[in-house]
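Each chain, written out:
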Amino acid sequence: MGHERMAFGMRMRVLGAALAILALIAAILAGQARAVPANFWGVVPQLTPSAEQFQRLKRGGVDSVRMAISWGSVQPLRNGPYDFSGSDAVVGAAAAAQIDVLPFLVGAPTWAVPSAVVPRSGGFRTTKFLPVRSGVQRSGWRNFVIQVIQRYGPTGTFWTENPTLPRRPIRAWQIWNEPNFKYFVVRPNPAEYGKLVKISSGAIKAADPGAHLILGGLFARPIEAEIEAGPPQAYFAADFLDLMYRSTPGIKSMFHGYALHPYTGSYKNLTSRIEEVREVLKVNRDAGKGLWVTELGWSSQPARAGNSFAKGLNGQAAQLKGAFGLLRAKQRKWQIQRVYWFSVDDLKGACNFCDGSGLFSKGFVPKPSWRAYVRFAGGTP
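Anyway, here's the lowdown on the structure attached to this text.

Definitions and limits used
Counting from 1, residues in each chain are numbered in the order their sequence is written. Totals for whole chains, interfaces and linings use all residues, but because this is a predicted model, local features are given only for residues with pLDDT of at least 70 and pairs of side-chain atoms are given and counted only at 80 or more. Side-chain calculation: all heavy atoms of the structure are included, whereas hydrogens and water are not. Counting from the N terminus, the helices are the DSSP runs of H or I reaching at least four residues and the strands are the DSSP runs of E reaching at least two. We take the radius of gyration over the C-alpha atoms and set the globule estimate at 2.2 Å times the residue count to the 0.38 power. Only protein chains enter the calculation, and the probe is 1.4 Å; a residue is then buried if its accessible area is under 20% of its type maximum, exposed if over 50%, and partly exposed in between. Contacts are residue-level and defined by heavy atoms, with any inter-residue pair within 4.5 Å sufficient. Where accessible areas are quoted, they stem from the Shrake-Rupley method and a 1.4 Å probe; at the residue level, only the protein chains shown are allowed to cover. In this charge count, Lys and Arg are treated as positive and Asp and Glu as negative; neither His nor the chain ends contribute. Lysine's charge is taken at NZ, arginine's at CZ, aspartate's at CG and glutamate's at CD. To estimate how far a helix should extend, the number of its residues minus one is multiplied by 1.5 Å. Between N-to-C directions, angles span 0 to 180 degrees; the directions come from axes that are lines fitted to C-alpha atoms, helices contributing only their stretch in contact. An angle counts as roughly parallel when it lies under 35 degrees, as roughly antiparallel when it exceeds 145, as roughly perpendicular when it falls between 65 and 115, and as oblique in every other case. In a left-handed crossing the near helix is turned counterclockwise from the far helix by less than a right angle, and in a right-handed crossing that turn is clockwise. Under the scheme applied here, ten amino acids are nonpolar (Ala, Val, Leu, Ile, Met, Phe, Trp, Tyr, Cys and Pro), four are charged (Asp, Glu, Lys and Arg), and all others, including Gly, are polar. A pair of cysteine sulfur atoms is labelled a disulfide when the two atoms are within 2.5 Å. To form a nonpolar core, buried Ala, Val, Leu, Ile, Met, Phe, Trp, Tyr and Cys residues must be joined to one another through side-chain atoms within 4.5 Å.

**Focus on the overall build of the chain**
Stage number 1. Summing up its helical and strand segments, the chain has 12 helices and 13 strands in all.
Stage number 2. Over its C-alpha trace the chain gives a radius of gyration of 23 Å, about what one expects of a compact globule, namely 21 Å for 381 residues.
Stage number 3. Across its three principal axes, the chain shows a C-alpha extent of roughly 95 × 50 × 45 Å.
Stage number 4. Across the 381 residues in the chain, those meeting the buried criterion constitute 51%.
Stage number 5. In the chain, the share of contacts with a sequence separation of at least 24, taken over all contacts with a separation of at least 6, comes to 71%.
Stage number 6. Accessible surface, the chain: about 17100 Å² in total, of which carbon and sulfur atoms supply 57%.
Stage number 7. In the chain, 46 positive and 23 negative side-chain charges are present, and the distance between their average locations comes to 4 Å.

Have a look at this one:
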């Protein structure tokens, strides 16, 4: 009996040690799954979500939403008042759901910068060039940036006017959107973008010295960059960033992070798109900057000729899993700070894959891609 008790005790100790090892392995794996920076998982709505939809996004693990604040919409009249009613609604609903907001400041009113037709777009118009060519443009943009921060920053009037909302002051500001691509500025210009960053940096530091400037998300490899026509309709992200560095002395001290929109037909191509931009930072001795992937996505529309982003419902989810798995695994090496899926919802006609890019379909019905997103973000569907 004594030998049997000793053998039983030995077996229990071995079993206990094995369970402890398994628990340790599980903890390590769980830690690795969570080992990403705060506010890492984000989304980009095309339409403003309702309060209930914001709450669902939060339950699903969404940390942050990215939204546009357009100078042209906020101040359509020269010397006119600033109207933040549109952005107030988004910031307020996000704050109520305990979700942070990453704004990208973009656009110019036509009293400051003329609009022009985007080449080969069917008549779509946008800002002709960046607001840096005249004193009126530069001062107007600077004042706009300051006004936005005074609205939503740490001492912002929005928070004092809405004391019942959780205070979630905005401390990161993205300047423009895809400044290397014709749809957001008809004549992309790296030197002019460097000037815009310089103006914006001064305005941000004046309004909130602790805030961060993030570069506008660069479209990694737009096809239009291959068109040999002047002025250029687009640049590859790596070329645009390198030219910005070369044309703007001291630019390294003016921004906290850089952003990329590495759109591609397959997540397997993400590595090359990210590495080529990282190489530009290395060459310019600025490799310590963090990467913000502020747009990434595929469409759930059925695969069709001429649209490599259309993958079908399950194909969209598969691309999300592959991309998020890669970005999470490479987070430290690539110094990724945030990842934003484009988009929350489908919006027909907004772009060549916007009609199926959402995590939810009409009626806010979740797609397989939403369930995949939730598993990475650690929430519940």
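**Notes on helix α10 (residues 312-329)**
Stage number 1. Compared with an ideal rise of 1.5 Å per residue, which puts 18 residues at 26 Å, α10 spans 26 Å between its outermost C-alpha atoms and is within 8% of the ideal.
Stage number 2. Among the residues of α10, those classed as buried are Gly312, Gln316, Ala317, Gln319, Leu320, Gly322, Ala323, Phe324, Leu326 and Leu327.

**Examining the packing of helix α8 (residues 237-247) against helix α9 (residues 270-283)**
Stage number 1. Relative orientation of the contacting elements α8 and α9 amounts to 15 degrees, with a least axis distance of 9 Å. Considered as vectors, α8 and α9 are oriented roughly parallel to each other. α9 is crossed by α8, and the crossing has right-handed handedness. Residues Ala237, Ala238, Leu241, Asp242 and Tyr245 of α8 pack against Glu276, Val277, Val280 and Leu281 of α9.
Stage number 2. Partitioned by chemical class, the residues of the contact of α8 with α9 number seven nonpolar, no polar and two charged.

**Description of the state of the cysteines**
In a disulfide, the sulfur atoms of two cysteines are held together by a covalent bond.
Stage number 1. Evaluation of the coordinates by the stated rule reveals one disulfide.
Stage number 2. Here Cys351 connects covalently by a disulfide to Cys354, the sulfurs 1.9 Å from one another. Across the S-S bond linking Cys351 and Cys354, the dihedral sits near 110 degrees, which makes this disulfide right-handed.
Stage number 3. We classify Cys354 as buried; its relative accessible area is 3%.

**Description of the nonpolar core**
Stage number 1. Among the nonpolar cores identified, the biggest contains 111 residues, and Leu57, Trp141, Tyr193 and Tyr373 are the most heavily contacted of them.
Stage number 2. Ignoring sequence-local partners within four residues, the contact set of Tyr373 consists of Trp41, Gly42, Val43, Val62, Leu320, Phe324, Trp341 and Leu359.

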